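# Examining the three-dimensional arrangement
Letter by letter, the chains look like this.
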Amino acid sequence: MTHFPVTALRSVELETPEIGQSEHFYTSVWGLDLVTRHDGVTYLRASGTDHHVVALRQGDRPALRAVTFRLDSDGKFDSIAAASQQQGATLLHGPVQNSGPDGGTVMAIRAPGGGVLRFVYGDMRHTASLPSANRPTRLAHVNLNAGDVDGSAAFYQRALGFRLTDRTKAMAFVRCNDDHHAIVIADAAVNGLNHVAFMMPNLEAVMRGSGRMIDAGFPIAWGVGRHGPGDNVFAYFIDPVGIVIEYTAEVLQVDDNYVVRGPSEWVWPSGRTDHWGIAPPKADHVKAAQTAVLYADA
């Protein structure tokens, strides 16, 4: 079986021009809980063991500041730093003692296409809460836009030890554990954030969470449906500052025997956008939102 030096996608750090509004939305509507506020950053957790899954920081515009992964040992920092730089990344710092409330040891790089990737080991964990019927348990994946999809996918494989799971015409799916994908790389004219997906306990939770969002005045942006690669259920929304977010569940679990499928094998019949055939075509304003959130400047 493949040994992954990176064992999980842990969290994202987002910049928002309205931090109070964003904090209220993610805690009162989306289903996360406040952990703490520290040095101007709001830390929000799901019901699982991760210290936080979202960190919010005030900024001039919506932006993706960082994606954080967990390592399987502190012995992997040096090898990832070396491999990342060989593949064109910039080492920003570390590994150093983490000054944030999640603790542990942290290292950060800037990937060749832009965007900060952080790696933690020994970070604080919560005792898992009882899964709620309609609230996220953890992050499922982060979808990143890139002008060079195959180059970005190769970076995750060669520098970080991920494996390619599937490749459609527009996207590459890479994994760091048994989940079909932790990172999705989408073909786009700009580099940045496409969307952040949150794992729900099951299909029922996706539906109940979607109903709560609709009740709060946030219509479904795309879905509900079932994706092709990953076979996961999805419902997309746009948060108050324009960041696209997704409820998902039932992500396909894979191992080394999984056969990668290419673009010619991921083709929908005309008019269909998901396995079930019930999700409508994605609206133009949703497509625009999926390319509007860029990487933070620093």
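Further up the page is the structure itself.
Below is a summary of the structure that appears in this document. Here the structure is a predicted model, which means the values were calculated and not measured.

Calculation notes
Residues numbered from 1 in each chain as written. Predicted model: local features only at pLDDT ≥ 70, side-chain atom pairs only at ≥ 80, totals over all residues. Heavy atoms only, no water. Helix = DSSP H or I, 4+ residues; strand = E, 2+ residues; numbered from the N terminus. Expected span 1.5 Å × (residues − 1). Buried < 20%, exposed > 50% of the residue type's maximum accessible area, 1.4 Å probe, protein only. Polar contact = N/O pair within 3.5 Å; in protein donor to acceptor, adjacent residues only side chain to side chain. Axes fitted to C-alpha atoms, helices over the stretch in contact; angles between N-to-C directions. Parallel < 35°, antiparallel > 145°, perpendicular 65-115°, else oblique. Left-handed = near helix turned anticlockwise from the far one by under 90°. Contact = heavy atoms within 4.5 Å. Nonpolar A, V, L, I, M, F, W, Y, C, P; charged D, E, K, R; others polar. Phe/Tyr/Trp six-rings, centres within 6.5 Å; stacked < 30°, edge-to-face > 60°. Lys NZ or Arg CZ within 6 Å of the ring centre and 35° of its normal. 1 Å grid on protein atoms, 1.4 Å probe; cavity = no way out; pocket = protein on both sides within 12 Å on 5 of 7 lines; lining within 4 Å. Points joined across faces, edges and corners; volume = space filled by probe spheres on them.

This part covers helix α3 (residues 149-160). Taking 1.5 Å as the rise per residue, α3 with 12 residues should run 16 Å; its terminal C-alpha atoms sit 16 Å apart, in good agreement. Of all the positions in α3, only Val149, Ala153, Ala154, Phe155, Tyr156, Ala159 and Leu160 are classed as buried. The residue sitting at the N-terminus of α3 and contributing the capping side-chain oxygen is Asp148; that oxygen lies 2.9 Å from the backbone nitrogen of Gly151. Phi for Gly161, located one or two positions after α3, is positive at around 80°.

Further remarks concern the packing of helix α2 (residues 76-86) against α3. Contact geometry for α2 and α3: axes closest at 8 Å, N-to-C directions at 140°. With respect to each other, α2 and α3 are oriented oblique. You can see that α2 and α3 cross each other, and the crossing is right-handed. Packed against α2, whose contacting residues are Ile80, Ala83 and Ser84, the element α3 presents Phe155, Arg158, Ala159 and Leu160 at the interface. Looking at the contact of α2 with α3, its residues break down into five nonpolar, one polar and one charged.

Looking at where Thr42 falls in the secondary structure, it is placed in strand β3 (residues 41-45). A polar side-chain atom of Thr42 sits 3.1 Å from a polar atom in the side chain of Glu23.

Right, let's talk about the packing of aromatic side chains for a bit. In total, this model carries 14 aromatic pairs according to the counting rule given. A centroid spacing of 5.9 Å and a plane angle of 25° characterise the contact between Phe69 and Phe119, whose relative ring orientation is stacked. A residue pair is termed long-range when its members are at least 10 positions apart, and Phe69 in strand β5 (residues 63-71) and Phe119 in strand β8 (residues 116-121) qualify at 50 residues. In this structure Phe69 comes out as buried when scored by relative accessible area, which is 0%. Judged by centre distance (5.5 Å) and plane angle (80°), the ring pair of Phe234 and Tyr236 falls under edge-to-face. What makes Tyr236 buried here is its relative accessible area of 3%. Here the aromatic residues Phe25, Tyr26, Trp30, Phe198, Phe218, Phe237 and Tyr247 are joined through ring pairs into a cluster of three or more. Positioned above the aromatic ring of Trp222, the side-chain terminus of Lys282 is 4.4 Å from the ring centre. The ring of Tyr236 carries Lys282 above its face, with NZ or CZ at 5.7 Å from the centroid.

Looking only at α2, the buried set comprises Lys76, Phe77, Ile80, Ala81, Ala83 and Ser84. As for α2, its buried residues are in contact with β1 (6-16), β5, β6 (90-97), β7 (105-110), β8 and α3. Looking at the residues trailing α2, positive phi occurs at Gly88, about 100°.

This part takes up the layout of surface pockets. What the largest pocket holds in volume is close to 760 Å³. Of all the elements in the fold, those that place two or more residues in the lining of the largest pocket are β9 (138-146), β11 (171-175), β12 (183-187) and β13 (192-199). A class-by-class count of the residues in the lining of the largest pocket yields 11 nonpolar, 12 polar and five charged. Lining the second largest pocket are 27 residues, with Glu13, Arg57, Arg65, His93 and Arg118 positioned closest to its centre. Looking at the lining of the second largest pocket, the elements with two or more residues in it are β1, β3, β4 (54-58), β5, β6, β7 and β8. Per-element accounting of the lining of the second largest pocket gives the leading share, four residues, to β1. Grouping the constituent residues of the lining of the second largest pocket by class yields 11 nonpolar, eight polar and eight charged.

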